[in-house]
Amino acid sequence: MDKENKIREIVRQKFTDYLTAHKCRKTPERYAILDLIYTDSRHFDMETLYEAMNERNFRVSRATLYNTMQLLLECNLVLKHQFGQNLSFYERAYNNDFHHHLICSNCHKVQEYKDAELKTIIQNKKIRSFTPAHYSLYIYGLCSKCSKELKKQIKTQTNK
């Protein structure tokens, strides 16, 4: 069994344990949503998830998606992000390497950024009377594409 299938098996069991402990139904739709989330490591929004479910010919209502996402957030299998827009993004939480997010303030593109030194500093930071479970670091700025476009616009305006 490869690593990704092993991870899906583990999260499926964690989800089953959570659903059992909280007396929630174990529906095929919930497991299909979980499986889809854990087949891709990218960030996604609810509309993208809804469309991906339809593309796989697995019809679920938006209500089922939102309710299942709430359960996945509660059992710490999914993380929720607000990258400065009025839209929530999600990503899988289990076995997801710590990473930071670079967010373009212009086009809103989100890139994952890994920095071992920064990770070590944050993890070694002692916070009095608090034990962190996980963290998120958002860095806002301009992506290279938007930065080039802005420089081009400034150059055009100064040459007029």
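Look above for the structure.
Notes on the structure follow.

Cut-offs applied
- Residues numbered from 1 in each chain as written.
- Predicted model: local features only at pLDDT ≥ 70, side-chain atom pairs only at ≥ 80, totals over all residues.
- Heavy atoms only, no water.
- Pairing = 2+ DSSP bridges.
- Helix = DSSP H or I, 4+ residues; strand = E, 2+ residues; numbered from the N terminus.
- Axes fitted to C-alpha atoms, helices over the stretch in contact; angles between N-to-C directions.
- Patch = residues over 30% accessible without salt bridge, like charges linked within 9 Å, V, L, I, M, F, W, Y side chains within 5 Å.
- Areas by Shrake-Rupley, 256 points an atom, 1.4 Å probe, with all protein chains shown as cover.
- Salt bridge = Lys/Arg side-chain N within 4 Å of Asp/Glu carboxyl O.
- Core = buried A, V, L, I, M, F, W, Y, C linked by side-chain atoms within 4.5 Å.
- Buried < 20%, exposed > 50% of the residue type's maximum accessible area, 1.4 Å probe, protein only.
- Contact = heavy atoms within 4.5 Å.
- Parallel < 35°, antiparallel > 145°, perpendicular 65-115°, else oblique.
- Left-handed = near helix turned anticlockwise from the far one by under 90°.
- Nonpolar A, V, L, I, M, F, W, Y, C, P; charged D, E, K, R; others polar.
- Polar contact = N/O pair within 3.5 Å; in protein donor to acceptor, adjacent residues only side chain to side chain.
- Phe/Tyr/Trp six-rings, centres within 6.5 Å; stacked < 30°, edge-to-face > 60°.
- Lys NZ or Arg CZ within 6 Å of the ring centre and 35° of its normal.
- Lys, Arg positive; Asp, Glu negative; His and termini not counted.

Let us now look at the sheet that holds strand E3 (residues 100-104). The sheet built from 3 strands is open, its strands ordered E4-E3-E5 with mixed pairing. Sheet topology places strand E4 (110-113) and strand E5 (138-141) at the edges, where each strand pairs with a single neighbour. For this sheet, the mean angle separating the axes of adjacent strands, direction not counted, is 25°. Of the pairings in the sheet, the one linking E3 to E4 comprises 4 bridges and is antiparallel in character. Opposite Leu102, over in E4, you have Gln111 as the bridge partner.

This part takes up a nonpolar patch on the surface. Together, Leu142, Leu150 and Ile154 line one region of the surface with nonpolar side chains, adding up to about 250 Å² of accessible area. In this structure, Ile154 sits in helix H6 (residues 144-158).

The next thing to look at is the nonpolar core. It is characteristic of soluble globular proteins that their nonpolar side chains tend to be buried jointly. Ranked by size, the top nonpolar core spans 29 residues in total, and within it Phe15, Ile37 and Met69 carry the most contacts. Where this core is concerned, the elements lending two or more residues are helix H1 (3-21), helix H2 (28-37), helix H3 (46-55) and helix H4 (62-74). Look past the residues within four positions of Ile37 in its chain and what remains in contact with it is Phe44, Leu49, Met69, Leu72, Val78 and Arg92.

Here we come to unusual backbone geometry. Note on backbone geometry: most residues besides glycine have negative phi, and most peptide bonds are trans. Positioned with a positive phi, Asn76 is a non-glycine residue whose angle comes to about 60°. Locating Asn76 in the fold gives a position in the loop between H4 and strand E1 (78-82). In this model, His108 sits at a positive phi of 70°, which is unusual for a non-glycine residue.

Here we take up the packing of H3 against H4. With their axes 10 Å apart at the nearest point, H3 and H4 run at an angle of 120° to one another. Here H3 lies oblique to H4, going by the angle between them. Read as a crossing pair, H3 and H4 show a hand that is right-handed. The residues of H4 that touch H3, namely those facing Met46, Glu47, Leu49, Tyr50 and Met53, are Arg62, Leu65, Tyr66 and Met69. For the contact of H3 with H4, the residue count by class is 7 nonpolar, no polar and 2 charged.

Once that is clear, we can look at the side chain of His81. Inspection of the secondary structure assignment puts His81 in strand E1. Engagement of the side chain of His81 in a polar contact is seen with the side chain of Glu91, the distance being 2.7 Å.

Applying the stated rule across the entire model yields 2 aromatic pairs. Centre to centre, the rings of Phe15 and Tyr31 are 5.7 Å apart; their planes meet at 75°, and the pair counts as edge-to-face. Within this pair, whereas Phe15 is found in helix H1, its partner Tyr31 is found in helix H2, the two being separated by 16 residues in sequence. Residue class for Phe15 comes out buried when judged on its relative accessible area of 0%. Here the guanidinium or amino end of Arg62 rests over the ring plane of Tyr50, the centre of that ring lying 3.8 Å away.

Moving on, we get to the side chain of Asp45. Mapped onto the fold, Asp45 is located in the loop between H2 and H3. Buried within the structure, Asp45 lacks any salt-bridge partner; its nearest side chain of opposite charge belongs to Arg62, at an N-O separation of 9.3 Å. A distance of 2.6 Å separates polar atoms of two side chains, one belonging to Asp45 and the other to Thr48. Ignoring sequence-local partners within four residues, the contact set of Asp45 consists of Leu87, Ser88, Phe89 and Tyr90.

For strand E2 (residues 88-92), the tally of buried residues reaches 5 of 5 residues, placing the bulk of the element in the interior. As paired elements, E1 and E2 share 5 bridges and run antiparallel to each other. Its bridge partner lying in E2, Gln82 is registered against Ser88. Linking E1 back to E2 in an antiparallel pair, the connection comprises 5 residues, with Gly84 at a positive phi of about 90°.

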